[in-house]
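Architecture and fold: a report
Here's the letter readout for the chains.
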Amino acid sequence: MRGTGTERPVLVMTTRKASSSEGAASSGTSMASTGNGMNVIVSAKPFGISKRDVWDAYKRVKANRGAAGVDGQSITEFEENLSANLYKLWNRLASGSYFPPPVRRVEIPKGDGRTRPLGIPTVADRIAQMAVTRFLQPVLEPQFHADSYGYRPGKSAKDALGVARQRCWRYGWVLDLDIKAFFETLDHGLLMRAVRRHTTCPWVLLYIQRWLNAPTKLADGSLIERTAGTPQGGVVSPILANLYLHYAFDLWMGREFSGIPFERYADDVICHCSNEAQAARLKDAIDQRFKTCHLTLHPQKTKIAYCKDDRRQLTYPTVQFDFLGYAFRPRWVKGKAGEMFVGFNPGISSKSATAIRQTMRGWRLHHRSELSLEDIARRVNPVLRGWIKYCGSYFRSTLYRVMAKFDEHLSQWAMKKYKSLKRRHLLASRWVRGVRLRQPTLFAHWAVVQATVR
């Protein structure tokens, strides 16, 4: 009796033979006996959302963790009365009476000194959004473009980087697109038209519209009504953003510029062109296309770059671009035979390096003298491994210079920890190097460097 989600019964009654092995009625239904050996199945919920759907959505949200929304309730607090909370959420979703609360807005610092608005739904709202996302994903996933990599199962940012790297070797020019405030400006009407092309499920359409209309709550408690955009941070926002750009960009590129390859990760897009004139024409065409879709190209950040290397020696003012935390630019490369040449390759970008250094400073190790080296290693190694796994995928040597900053923080910690090292910077640095020689696998980046040297 699990509904498909496309029906909208208010009260449905069917009959069937009673069975001694009959289990409990499925979600949203009840059993009644007619006295003649037949059971009457009564569905009292207008939407076919099962309790299993809500339970599976909760498990996904729990695995992703996340901060508290406007109600201040964390996942741990939500789980204190888990059964009742999930039942209440399911009951409201299945009956059509669920209205999402406002989205808490926080400002996330960007590399250029500005901030990016992030919307944080409540735990219950994230579970509800996850239920809709799980419904939409198998419907939309087969439709998406092969070169759309963001927030899709089986695809990742590293996949996009690998494809971009190879195409930069084949094509001499790149159009680096930056959509101005994409998540804040996408048009609700166009988005709902796109959703309706793929599903007529009434509860999916209903709740997506309600999420789009849900207000934003600022730090001072004031509410802002939203007439465009979807919160960057909402669970359902990534798949909606992909669907919007699927029609606004991906399919349009296939129709109008089928010979120009691209990689798109959410709203991060780069296109590969054969010459500067082609890139300029494409830029103008995309600008016009986005205007019809209520989107705007950032006039300063959208740029044409020349993939300069030993084979391509033209003079052009822009010979690098950033994509997914990596800077693509001319770099010295060692060939298979040991020869050195200039290739156009990715390495960790300056923005990513700055963000890593800021995170390290935020640990304030020099104020944690009560910790041992082993305690510090247990706390920071998961983060260090994450940086190495992603930012060290290409030109790992550029990451090593950034990670060396961590050793400086260890030196500062040592000067606070041991009186013999107090204010003795050089001696503290030598002490850290000694620990590194004795315990080369204590910290994640030490272990990687040691393995590379071997």
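Nothing here was measured: the structure is a model prediction, and the numbers come from that model.

1. Considering the sheet that holds strand E10 (residues 268-273)
If you walk across this open sheet you meet the 4 strands as E9-E10-E6-E11, and the pairing is antiparallel. Two strands in the sheet have a free side with no partner beyond their single neighbour: strand E9 (262-265) and strand E11 (303-306). Each neighbouring strand pair of the sheet contributes to a mean axis angle of 20°, computed without reference to strand direction. Here 4 bridges tie strand E6 (residues 173-178) to E11, and the two strands are oriented antiparallel to one another. Bridge pairing links Trp173 to Tyr306 in E11.

2. Notes on the sheet that holds strand E13 (residues 326-334)
Taken in spatial order, the 3 strands line up as E12-E13-E14 in an open sheet, and their pairing is antiparallel. Taken across any chain shown, the strands that pair with only one partner, and hence form the sheet edges, are strand E12 (321-323) and strand E14 (340-348). Sheet twist, expressed as the average angle between the axes of neighbouring strands with direction ignored, equals 50°. In the sheet, E13 pairs with E14 via 9 bridges, with the strands oriented antiparallel. By the bridge assignment for E14, Tyr326 is matched with Ile348.

3. Observations concerning the pattern of salt bridges
Considering all chains together, one arrives at 16 salt bridges under this definition. Ionic pairing is found between Asp56 and Arg52, a salt bridge with its closest N-O pair at 3.7 Å. One end of the pair is Asp56 and the other is Arg52, both in helix H1 (residues 51-64) and 4 residues apart, which spans about a single turn. Owing to a relative accessible area of 16%, Asp56 belongs among the buried residues under this scheme. Of the residues examined, Arg52 reaches a relative accessible area of 46% and is grouped as partly exposed.

4. Some thoughts on a positive patch on the surface
There is a patch of like positive charges on the surface, built from Lys416, Lys419, Lys422 and Arg423. The class for Lys422 is exposed, based on a relative accessible area of 53%.

5. As for the nonpolar core
Among the nonpolar cores identified, the biggest contains 71 residues, and Ile127, Ile208, Cys271 and Ile286 are the most heavily contacted of them. In terms of residues, this core owes the most to one element, helix H9 (residues 237-256), which gives 11 residues.

6. Some words on the pairing of E14
The element E14 is extensively covered by neighbouring structure, given that 7 of its 9 residues are classed as buried. Remark: 5 residues form the turn of the hairpin made by E13 and E14, two consecutive strands paired antiparallel; Gly338 in that turn has positive phi of roughly 90°.

7. Overview of the confidence of the model for the chain
With 88% of its residues at a pLDDT of at least 70, the chain reaches an overall mean of 88. Throughout residues 1-42 the model reports pLDDT below 50, and contacts reaching past four residues in sequence, or to other chains, amount to 75 contacts.

8. Regarding empty space enclosed by the protein
Space left empty within the atom packing is revealed by a probe, the size of a water molecule, rolled over the atoms. Applying the stated criterion across every chain yields a total of 1 cavity of 30 Å³ or more. Roughly 90 Å³ of internal volume is contained in the largest cavity. Around the largest cavity, the lining comprises 14 residues; the ones closest to its centre are Gln129, Trp211, Thr230, Pro231 and Val236. Those elements giving two or more residues to the lining of the largest cavity turn out to be helix H4 (123-140), helix H8 (202-213) and H9. Here the element with the most residues in the lining of the largest cavity is H8; it accounts for 3 residues. Here the lining of the largest cavity is built from residues that sort into 8 nonpolar, 4 polar and 2 charged.

9. Here's the deal with the packing of aromatic side chains
Summed over the entire model, instances satisfying the criterion amount to 25 aromatic pairs. When the centroid spacing of 5.2 Å and the interplanar angle of 45° are considered together, the rings of Trp55 and Tyr58 count as tilted. Within this pair, Trp55 and its partner Tyr58 are both found in helix H1, separated by 3 residues, close to a single helical turn. Tyr58 sits in the buried class, given a relative accessible area of 5%. An angle of 75° between the planes, with centres 5.7 Å apart, marks the rings of Tyr326 and Tyr390 as edge-to-face. Pair noted here: Tyr326 is in strand E13 and Tyr390 is in helix H12 (residues 373-391), with a separation of 64 residues, a long-range link. Among the aromatic side chains, those forming a connected cluster through ring pairs are Trp363, Trp387, Phe406, Phe443 and Trp446. Note that Lys51 overlies the ring of Trp90, its terminal NZ or CZ placed 5.0 Å from the centroid. The ring of Phe99 is capped by Arg210, whose NZ or CZ atom sits 3.8 Å from the centre of that ring.

Criteria and cut-off values
- Residues numbered from 1 in each chain as written.
- Predicted model: local features only at pLDDT ≥ 70, side-chain atom pairs only at ≥ 80, totals over all residues.
- Heavy atoms only, no water.
- Pairing = 2+ DSSP bridges.
- Helix = DSSP H or I, 4+ residues; strand = E, 2+ residues; numbered from the N terminus.
- Axes fitted to C-alpha atoms, helices over the stretch in contact; angles between N-to-C directions.
- Salt bridge = Lys/Arg side-chain N within 4 Å of Asp/Glu carboxyl O.
- Buried < 20%, exposed > 50% of the residue type's maximum accessible area, 1.4 Å probe, protein only.
- Patch = residues over 30% accessible without salt bridge, like charges linked within 9 Å, V, L, I, M, F, W, Y side chains within 5 Å.
- Areas by Shrake-Rupley, 256 points an atom, 1.4 Å probe, with all protein chains shown as cover.
- Lys, Arg positive; Asp, Glu negative; His and termini not counted.
- Charge placed at Lys NZ, Arg CZ, Asp CG, Glu CD.
- Core = buried A, V, L, I, M, F, W, Y, C linked by side-chain atoms within 4.5 Å.
- pLDDT = per-residue confidence, 0-100.
- Contact = heavy atoms within 4.5 Å.
- 1 Å grid on protein atoms, 1.4 Å probe; cavity = no way out; pocket = protein on both sides within 12 Å on 5 of 7 lines; lining within 4 Å.
- Points joined across faces, edges and corners; volume = space filled by probe spheres on them.
- Nonpolar A, V, L, I, M, F, W, Y, C, P; charged D, E, K, R; others polar.
- Phe/Tyr/Trp six-rings, centres within 6.5 Å; stacked < 30°, edge-to-face > 60°.
- Lys NZ or Arg CZ within 6 Å of the ring centre and 35° of its normal.

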